[in-house]
Amino acid sequence: MRNFILTLFLSTGLGLAAKPIKFDFKDPKNVNNVIFQMDAPLESINGSGDGISGTVHFDPNDPSSTQGTILLDSASLHVGNPVLKEHIHGSDWMNVKKYPTISFKLSKLENIRKKGIDVFADAKGKMTIRNVTIEMIAPIRITYLKGLLEKRNRVAGDLLVIRSKFIVKRDDFGIRAGEKLEKVANQIEISLNVAGAAPSN
Amino acid sequence: MVLFLQILGSATVLLGLACLSASAFIWHKHGARTGLWETSVQTTREIPIVEEMPELGFQQQVVWEEKLVLGIETPIAGAMIFIVSILTSLVLFYLSSKIAKKMVE
């Protein structure tokens, strides 16, 4: 009987430990952002977007099962030149009124390597820009910080930091495909730098 | 009249030259960027993911500060004003010489 209770307790405990934790990427500190860079003849175009939201389910014992969606409010994209910003938000480029969200739906992690507190992997998922969805793989670095949400947001819970650098092509998402290549490069370098919170409540 | 046109021509050239020099000077002061004008500047700050625990890594926070930074348009505008002033002064000198000729005749 004692063994049965012990087995039940352990299995329940392990069962609970194996449950993926849901992390919310809406950052109250407003630090989460996406940085983008495009080559141009005069000077590279640098900008950022801070309208990050979305959720990711992460199991520290099974990182390969990580799933979730990271969303970016396309109207939050900003560059230093106001005319250029207007063009980027406009109907020819991002068309932020018609397509208000850019999303990456993470389906699984592959080629997982652990290094200290970090998990390096290839994130397989679907990127949607301007309602065009393309399957892609992006290198990703995940840092799971158990119980450290309190030190960041003054709320008990866990933190999950996701960092990634990858390239998307304008052509693939119909952003003036094959046009203006002499003015703005086809490749857009994207750097993702986000922290998600899982309050324990 | 001839003297007035000649003085006006010289003044136009000097004004154009002043515009060119001023635009080049201001542009240089703003960093002599080859890019376009910007009304906000990107500043990247390294924020610790967890305060007082930098060993856990940093997150880059992008902050946009409203600030006018002049671009390549500035010296181009200065150069265009200079060219226009040269052309204007040439016209003025041509007119003055024509009037002078008529007066001699």
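Residues numbered from 1 in each chain as written. Chains lettered and ligands numbered in written order. Predicted model: local features only at pLDDT ≥ 70, side-chain atom pairs only at ≥ 80, totals over all residues.

Participant: Can you walk me through the overall build of chain B in this structure?
Facilitator: Helix and strand content of chain B: 2 helices and 2 strands. In chain B, the succession of α and β elements from N to C terminus is α-β-β-α. Taking 13 Å as the expected radius of gyration for a compact globule of 105 residues, we find that chain B reaches 25 Å, considerably beyond that expectation. Principal-axis analysis of the C-alpha atoms gives chain B an extent of 90 × 15 × 15 Å. In chain B, once contacts between residues fewer than 6 apart in sequence are set aside, the share between residues at least 24 apart is 78%. (Helix = DSSP H or I, 4+ residues; strand = E, 2+ residues; numbered from the N terminus. Rg over C-alpha atoms; globule rule 2.2 N^0.38 Å. Contact = placed C-beta atoms within 7 Å.)

Participant: Explain the overall build of chain A here, please?
Facilitator: Scanning chain A from terminus to terminus reveals 3 helices and 11 strands. With the principal axes as the frame, chain A shows a C-alpha extent of 75 × 35 × 30 Å. The buried share of chain A, reckoned over its 201 residues, is 31%. By sequence separation, contacts in chain A at least 24 residues apart represent 57% of the contacts at least 6 residues apart. (Buried ≥ 20, exposed ≤ 12 C-beta atoms within 10 Å, placed from the backbone.)

Participant: Help me understand the interface of chain B and chain A, please; the structure alone is not making it clear to me.
Facilitator: How big an interface is tends to be stated in terms of accessible area lost as the parts join. At the junction of the two partners, chain B supplies 23 residues and chain A supplies 21 residues. Elements with a contribution of two residues or more to the side of chain B that touches chain A: strand 1 (38-48) and strand 2 (58-69) of chain B.

Participant: Help me out: how do you make sense of the environment of A:Glu182 in this one?
Facilitator: Within the fold, A:Glu182 resides in the loop between strand 10 (157-169) and strand 11 (187-199). In this structure, the C-alpha to C-alpha distance between A:Glu182 and A:Asp39, residues 143 residues apart in sequence, is 9.8 Å.

Participant: Help me out: how do you make sense of the nonpolar core in this one?
Facilitator: All names here are of chain A. Core analysis: the largest hydrophobic core is formed by 36 residues, its most contacted members being Phe23, Leu159, Leu160, Ile162 and Val194. Mapped onto this core, the elements with two or more residues apiece are strand 4 (52-58), strand 5 (67-73), strand 7 (101-115), strand 8 (118-129), strand 9 (132-145), strand 10 and strand 11. Of all the elements, strand 11 adds the most residues to this core, at 7 residues. Every residue in contact with Phe23, bar those within four places of it in the chain, is listed here: Thr55, Val56, Phe58, Leu160, Gly196, Ala197 and Ala198. Formed by 6 residues, the second largest nonpolar core is a distinct cluster that contains Val79, Ile88, Met94 and Val184. (Core = buried A, V, L, I, M, F, W, Y, C linked by C-beta atoms within 7 Å.)

Participant: Explain helix 2 (residues 73-104) of chain B here, please?
Facilitator: Residues and elements named next belong to chain B. Compared with an ideal rise of 1.5 Å per residue, which puts 32 residues at 46 Å, helix 2 spans 46 Å between its outermost C-alpha atoms and is within 8% of the ideal. Along helix 2, the residues that are buried comprise Thr74, Gly78, Ser85, Ser89 and Leu92. Buried residues along helix 2 sit in contact with helix 1 (2-29). (Expected span 1.5 Å × (residues − 1).)

Participant: Even after reading the chapter, I still don't get the packing of helix 1 of chain B against helix 2 of chain B, so can you show me in this structure?
Facilitator: For any two helices packed against each other, the geometry comes down to the angle between their axes and how far apart the axes lie. Residue and element names in this part refer to chain B. Running from N to C, helix 1 and helix 2 cross one another at 170 degrees; their axes reach a closest spacing of 8 Å. Considered as vectors, helix 1 and helix 2 are oriented roughly antiparallel to each other. A per-class count over the contact of helix 1 with helix 2 returns 24 nonpolar, 11 polar and no charged. (Axes fitted to C-alpha atoms, helices over the stretch in contact; angles between N-to-C directions. Parallel < 35°, antiparallel > 145°, perpendicular 65-115°, else oblique. Nonpolar A, V, L, I, M, F, W, Y, C, P; charged D, E, K, R; others polar.)

Participant: Even after reading the chapter, I still don't get the confidence of the model for chain A, so can you show me in this structure?
Facilitator: The predicted structure's coordinates, where accompanied by low pLDDT, should not be read in detail. Mean pLDDT for chain A: 87, with 91% of residues reaching 70 or above. Confidence drops under pLDDT 50 across residues 4-16 of chain A; counting only partners more than four residues distant or on other chains, this segment forms 0 contacts. (pLDDT = per-residue confidence, 0-100.)

Participant: How should I be thinking about the confidence of the model for chain B in this particular structure?
Facilitator: Summing up the model confidence of chain B, the mean pLDDT is 90 and the portion of residues at 70 or higher is 100%. At the level of chain-chain contacts, confidence expressed as ipTM amounts to 0.74, with global pTM at 0.80.

Participant: Where do I start with the environment of A:Ile134 in this structure?
Facilitator: All names here are of chain A. Structurally, Ile134 can be placed in strand 9. Assessed through the 13 C-beta atoms surrounding it within 10 Å, Ile134 is described here as partly exposed. Expressed as a C-alpha distance, the spacing of Ile134 and Phe104, which sit 30 residues apart in the sequence, is 9.6 Å. Not counting residues within four places of it along the chain, the set of residues in contact with Ile134 comprises Lys126, Met127 and Asp172.

Participant: I'm lost on unusual backbone geometry in this one. Help?
Facilitator: Generally, phi is negative for residues other than glycine and the peptide bonds are trans, each holding for most cases. Residues and elements named next belong to chain A. At Asn30, a position not held by glycine, the phi torsion is positive, near 60 degrees. As for its placement among the helices and strands, Asn30 is situated in the loop between strand 1 (21-24) and strand 2 (33-38). Exposure remark for Asn30: the 12 C-beta atoms within 10 Å place this residue in the exposed category.

Participant: Would you mind going over the environment of A:Asp73 with me for this structure?
Facilitator: Residues and elements named next belong to chain A. Positionally, Asp73 belongs in strand 5. Residue Asp73 is classed as partly exposed on the basis of its C-beta count, with 15 C-beta atoms lying within 10 Å. Put simply, Asp73 and Pro100 are 27 residues apart on the chain and 5.9 Å apart in space, counted from C-alpha to C-alpha. Sequence-distant contacts of Asp73, that is, excluding residues within four places in its chain, are made with Gly51, Pro100 and Thr101.

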